[in-house]
Amino acid sequence: MTTFVGFPQGGHAFSADEVGQALAGLVMREASGVPRVGMLVVGPVVGAAGASWKVQVGPFVYVHQVAGAIQLSGVPAAEQVDILPAAGNVNAGQARIDVVCWDPVNAELIVVQGSPAANPVVPTVGVLAPVAQVRVNAGDGM
């Protein structure tokens, strides 16, 4: 059995491992007992940023698991990410699906760009956490 000092508590220098273990009890767990990775509570509000090729992602907290402990990361205020415009990048009769993702290792929002096609597919995102999908059709304005 593993224990940890009462957290938070003055007079003790907490290590990242101790904090992760202390906070791990606050998140859901898989059947195996490992903390469940993903958005804490509900995912962020996502929408188009007016008159631009940007998507606005609202605040969120993401739970990442490392050796049974958790790491919390996220965005404390709305943040915008750039989407590659349709003009000159998506041919007539085609579309592209981009995925806005959270990179828990580097703590940043990134866009994984899809490939234009008549029947576009969602690109693979690997270990990144999908936040939203954006469909870009040929001829789309902002």
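Note that the coordinates shown come from a computational prediction; the quantities given were computed from them, not determined experimentally. Here, residues in each chain are numbered from 1, in the same order as that chain's written sequence. The model is predicted, so local features are restricted to residues of pLDDT at least 70 and side-chain atom pairs to those at 80 or more, both for listing and for counting; the totals for chains, interfaces and linings are taken over all residues. Values reported for side chains reflect all heavy atoms of the structure, with hydrogen atoms and water molecules removed beforehand.

S.K.: Summarise the overall build of the chain; cite the residues concerned and give the values.
M.R.: What the chain contains, in helices and strands, is 1 helix and 9 strands. From first element to last, N terminus to C terminus, the chain shows the α and β order α-β-β-β-β-β-β-β-β-β. For 142 residues, the compact-globule formula gives about 14 Å, and the C-alpha radius of gyration of the chain, at 19 Å, lies well above that figure. Seen through its principal axes, the chain has C-alpha atoms that stretch 65 × 30 × 20 Å. We call two residues in contact when some of their heavy atoms are within 4.5 Å. Put simply, 53% of the contacts in the chain that link residues at least 6 apart link residues at least 24 apart. The protein chains shown are the only cover counted for residues, whose accessible areas, like all others here, come from Shrake-Rupley with a 1.4 Å probe. Only carbon and sulfur atoms are counted for the fraction: they give 56% of the accessible area of the chain, which is about 8400 Å². This count recognises Lys and Arg as positive and Asp and Glu as negative, with His and chain-terminal groups excluded. Each charge is placed at NZ for Lys, CZ for Arg, CG for Asp and CD for Glu. Positive and negative side-chain charges of the chain, numbering 5 and 9 respectively, have mean locations separated by a distance of 9 Å. The helix count covers DSSP runs of H or I at least four residues long, the strand count covers runs of E at least two residues long, and both are numbered beginning at the N terminus. We take the radius of gyration over the C-alpha atoms and set the globule estimate at 2.2 Å times the residue count to the 0.38 power.

S.K.: Give a description of the packing of aromatic side chains that names residues and reports values.
M.R.: Here the aromatic set is Phe, Tyr and Trp, taking the six-membered ring for Trp, and pairing holds for ring centres within 6.5 Å; pairs whose planes are under 30 degrees apart are stacked, those over 60 apart are edge-to-face, and all others are tilted. For the coordinates displayed, the defined rule picks out 1 aromatic pair. Seen from their ring centres, phenylalanine 60 and tryptophan 102 are 5.1 Å apart, and the 90 degrees between their planes marks the pair as edge-to-face. With phenylalanine 60 in strand β4 (residues 60–66) and tryptophan 102 in strand β7 (residues 95–103), this pair connects stretches of sequence that are 42 residues apart. Both residues of the pair, phenylalanine 60 and tryptophan 102, belong to the buried class. Categorising residues by exposure relies on relative accessible area from a 1.4 Å probe, with only protein chains included: less than 20% of the type maximum marks a residue as buried, more than 50% marks it as exposed, and the intermediate range marks it as partly exposed.

S.K.: Describe unusual backbone geometry, with residues and values.
M.R.: Unusually for a residue other than glycine, alanine 51 sits at a positive phi of about 50 degrees. Within the element layout of this structure, alanine 51 appears in the loop between β2 (46–48) and β3 (54–57). For alanine 107, which is not glycine, the phi torsion reads 50 degrees and is therefore positive. Secondary-structure assignment places alanine 107 in the loop between β7 and β8 (108–112). Look at alanine 107 and you get partly exposed, because its relative accessible area is 44%.

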